[in-house]
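Fold and contact review
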Amino acid sequence: FVMAWCWLNATESKPQNVVKQFSWNRKNHIMNDSLIKDYLTFFKNEKVDLRNEGINEKIDFYFERTSFLNNIEILENNSLIIETEHGNCTYLITEKGEKYLKQITEKLDYEAEKERIEFEKSKTDLVLAQKMLKEFPKTKWIARISIVIALGLGILEIIRYIKE
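These notes cover the structure that comes with them. (Residues numbered from 1 in each chain as written. Predicted model: local features only at pLDDT ≥ 70, side-chain atom pairs only at ≥ 80, totals over all residues. Heavy atoms only, no water.)

**Some details on the overall build of the protein**
Assigned secondary structure in the protein consists of six helices and five strands. When the elements of the protein are put in sequence order from the N terminus, they spell out α-α-β-β-α-β-α-α-β-β-α. Evaluated residue by residue, the protein yields a buried proportion of 23% over its 164 residues. At a minimum sequence separation of 6, the contacts of the protein that also span at least 24 residues come to 58%. Here the protein has roughly 12700 Å² of accessible surface; of this, 60% comes from carbon and sulfur atoms. (Helix = DSSP H or I, 4+ residues; strand = E, 2+ residues; numbered from the N terminus. Buried < 20%, exposed > 50% of the residue type's maximum accessible area, 1.4 Å probe, protein only. Contact = heavy atoms within 4.5 Å. Areas by Shrake-Rupley, 256 points an atom, 1.4 Å probe, with all protein chains shown as cover.)

In structure tokens:
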């Protein structure tokens, strides 16, 4: 029993395993990472007592109430939040939920930074393309003049060759 508990505890709580455990699809209801982050942040910052009318106003401000109640069940089934006592409707974020929130926040921050860098790159590419299009007519005329010079020099060489 002790070995099984140690093995489960050692593999279950590793951060890379925590992320892999969650498939948030339930009857065509999908919780994306951003929504999970919003929920866990809400549970971290608020003592969620569903019997308290004050919390219901906050829930209605940030979420749609029916989906909020459905998502509580999903989060609770995945051990990210826990009801303090059975049936008292007060929920707190768990340690596993804290770890997952930290991971998902880092992941979303990384993706946001990656998108920002890609956007900056595309802006730079656009500026370079505009400069290239602006300089294109000049380059085209330089190329035409170079061809005329090359043809003229070629004809001169042919004439010299024929005279000799």
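**Some details on helix H4 (residues 53–62)**
Burial in H4 covers these residues: Ile55, Asn56 and Ile59. Looking straight down H4, one finds its buried side chains confined to an arc of 105 degrees; they lie on one side. Residues Glu53, Glu57 and Phe61 are exposed on H4 and point more than 90 degrees away from its buried face. On its buried side, H4 packs onto helix H3 (33–45), strand E3 (48–49) and helix H5 (65–77). (Arc of directions from axis to C-beta.)

**Comments concerning the nonpolar core**
Within the largest apolar cluster, 23 residues are counted, with the highest numbers of intra-cluster contacts made by Leu40, Phe43, Val48, Phe68 and Leu75. At the level of elements, H3, H4, H5, strand E5 (90–93) and helix H6 (95–163) are the ones that each hand at least two residues to this core. Here this core gets five residues from one element, more than from any other, and that element is H3. (Core = buried A, V, L, I, M, F, W, Y, C linked by side-chain atoms within 4.5 Å.)

**Re the packing of aromatic side chains**
By the definition in use, this model includes 11 aromatic pairs. Ring geometry for Tyr39 and Phe68: centres 5.4 Å apart, planes at 20 degrees, overall stacked. Remark: Phe68 occurs in helix H5 and Tyr39 occurs in helix H3; sequence separation between them is 29 residues. Relative accessible area serves as the criterion here: at 0%, Phe68 is assigned to the buried category. Ring geometry for Phe63 and Phe68: centres 5.3 Å apart, planes at 35 degrees, overall tilted. (Phe/Tyr/Trp six-rings, centres within 6.5 Å; stacked < 30°, edge-to-face > 60°.)

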